[in-house]
Amino acid sequence: MSILVTGGAGFIGSHTCVELLNAGYEIVVLDNFYNSNPESLNRIKKITGKDFKFYEADIRDRAALDKIFKENEIEAVIHFAGLKAVGESCRKPLEYYENNIGGTITLCEAMRDANCKKIVFSSSATVYGCENVSPLTESMKIGGTTNPYGTTKYMIELILQDLYASDNEWSITILRYFNPIGAHESGMIGENPNGIPNNLMPYVTQVAIGKLPQLSVFGDDYDTPDGTGVRDYIHVVDLALGHIKAVEKVLSTKEVNVYNLGTGTGYSVLDIVKAFEKASGKKVNYKIAPRRDGDLATCYSDPSKALNELGWKAERGLDKMCEDSWRWQKNNPNGF
Ligand code: NAD
Ligand code: UFG
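Okay, so let's go over this structure. (Residues numbered from 1 in each chain as written. Chains lettered and ligands numbered in written order. Predicted model: local features only at pLDDT ≥ 70, side-chain atom pairs only at ≥ 80, totals over all residues. Heavy atoms only, no water.)

### A few points about the site of ligand 1
Spelled out, the test is: Throughout, the term near means that a residue has one or more heavy atoms lying within 4 Å of the molecule or strand in question. Pairs of N or O atoms are called polar contacts if they sit within 3.5 Å, as long as, within protein, a hydrogen donor faces a hydrogen acceptor (for residues adjacent in sequence, only side-chain-to-side-chain pairs). In this description, accessible areas are obtained by the Shrake-Rupley approach with a 1.4 Å probe, and a residue is regarded as covered only by the protein chains that are shown. Strands are runs of DSSP state E lasting at least 2 residues, helices are runs of H or I lasting at least 4, and numbering of each runs from the N terminus.
Contacts to ligand 1 come from 28 residues, most closely from D31, N35, S36, K84 and N99. Here a nitrogen atom of ligand 1 and a side-chain polar atom of N99 are 2.8 Å apart. Bound to the protein, ligand 1 loses 95% of the 820 Å² it would expose on its own. Of all the secondary structure elements, the ones that give two or more residues to the shell around ligand 1 are helix 1 (11–22), strand 2 (26–31), strand 5 (118–124) and helix 6 (148–166).

Okay, structure coming up:
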């Protein structure tokens, strides 16, 4: 019996594959390499000393999915595959709806027909929209998303809830990630953005290594302790370990459950810059720039439901997140 990991070559997927293999699971990985590199799969094998089956395939390709379910005994699916860039989603909404929503529907249809009805889905804190006040809890009303990417996550959550309501044989765990950073401590896998990074940590590491001249801090006049945006940064290995608990949950129940995966602590952009400078010994050149459209002042989780129901809690602090992000960047200045 295996766990199918869609998007397993990507940032969070590759770290989760490592933890699944370490925990003794057999895995089958599917990715179309739209936003990843085949080398990440070799690195997973090197880190774990274990092998696994890989399919270069698209989640929108029903025939390819049917083949995977026919050739393997898939017990559950962890579904990472999707497009994730907020800005790009505003320029290419149809591509985002088609890939994320169309792809998830095709995947769920293939799962249903193969009688594999256990899925862990990668959602995002973005589904909380801009009305809710942090700390964010799973019982808050979701929606009011501010970009097509966020709306795809919101809509997929609704689709999965409807699917469960129609057929209680499904077992569904929806994970709302906060801001994953860091890398595996081997320095062999990490976040590998194409072009100029959109997210804070890869931008910071690229400034530190000299690939980019200066970080723009988007706004210093928010209602936060130092005026810069506050987020709940979580080490990607802690996030990956949360998926192990989520898999145990989907394998042992027939329910739909939603969990925040965050630390519960908010750090500002300048906190990140300072912690990174300390961990790396490098100066991060920055300037204060105008606010970025669509950004919230503050976003952090209440992670207590995951602790109470999954027995999961993030263990790695900000210094470790910065050290590991830096080791990955330093060892792989040009990515994979
Ligand atoms: P990523 O881009 O590194 O990984 C996604 C993987 O999916 C990539 O390897 C990509 O090639 C693959 N993929 C995309 N479309 C595909 C398709 N149609 N068929 C097959 N493979 C496809 O992103 P990540 O940061 O690892 O994110 C994983 C998931 O978590 C995504 O669904 C993302 O939206 C979600 N998420 C990420 C964050 C974050 O900040 N990184 C936050 C919240 C939620
Ligand atoms: N920031 C900068 N300069 C940069 C990049 C970011 O100052 O060059 C600031 C932002 O303004 C924000 C913070 O750093 O205050 C974090 O920004 P990120 O882009 O790293 O992350 P976001 O919180 O905006 O978004 C992330 C993911 C989304 C996801 C969201 C909520 O990128 O996919 O978290 O889960 F939807």
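### Quick look at the packing of aromatic side chains
Filter applied, for reference: Two rings from Phe, Tyr or Trp (for Trp, the six-membered ring) form a pair when their centres are within 6.5 Å of each other. A pair whose planes differ by under 30 degrees is stacked, one over 60 is edge-to-face, and the rest are tilted. The criterion for a charge sitting over a ring is simple: Lys NZ or Arg CZ within 6 Å of the ring centre, and within 35 degrees of the ring normal.
Counted according to the given criterion, the structure contains four aromatic pairs. Over the ring of F52 we find K45; its NZ or CZ atom is 5.0 Å from the centre of that ring. Lying across the ring of Y222, R291 places its NZ or CZ 4.0 Å from the centre.

### As for the packing of helix 1 against helix 8 (residues 236–252)
The condition is simple: Helix axes are fitted only over the stretch in contact, all axes being lines through C-alpha atoms; the angle between N-to-C directions runs from 0 to 180 degrees. Oblique is the label for every angle not falling under 35 degrees (roughly parallel), over 145 degrees (roughly antiparallel), or within 65 to 115 degrees (roughly perpendicular). Note: crossing handedness is left-handed where the near helix turns anticlockwise from the far helix by less than a right angle, and right-handed where it turns clockwise. Whether two residues touch is decided by their heavy atoms; if any such pair falls within 4.5 Å, the residues are in contact. Gly falls in the polar group here, along with every residue not listed as nonpolar (Ala, Val, Leu, Ile, Met, Phe, Trp, Tyr, Cys, Pro) or charged (Asp, Glu, Lys, Arg).
Running from N to C, helix 1 and helix 8 cross one another at 60 degrees; their axes reach a closest spacing of 8 Å. Between helix 1 and helix 8, the crossing angle belongs to the class labelled oblique. For the element pair helix 1 and helix 8, the recorded crossing hand is right-handed. Residues F11, I12, H15, T16, E19 and L20 of helix 1 form the contact with helix 8, whose own contacting residues are V236, V237, L239, A240, L241, H243, I244 and V247. The residue makeup of the contact of helix 1 with helix 8, split by class, is 10 nonpolar, three polar and one charged.

### A closer look at the layout of surface pockets
In plain terms, the rule: A pocket, in this scheme, is an open set of points on a 1 Å grid over the protein atoms alone with protein on both sides within 12 Å along at least 5 of 7 lines, while a cavity is a set where a 1.4 Å probe fits but cannot get out; residues line either one if an atom lies within 4 Å of a point. Grid points are joined across faces, edges and corners, and a volume is the space filled by probe spheres set on the points.
The volume enclosed by the second largest pocket comes to roughly 180 Å³. Together, 16 residues line the second largest pocket, and E191, P193, Q206, W328 and Q329 are the ones closest to its centre. Sorting the residues of the lining of the second largest pocket by element identifies helix 7 (200–208) and helix 11 (318–331) as the ones contributing at least two each. With four residues, the single largest contributor to the lining of the second largest pocket is helix 7. A breakdown of the residues in the lining of the second largest pocket according to their chemical character gives five nonpolar, nine polar and two charged.

By themselves, these observations are geometric and do not establish any function.
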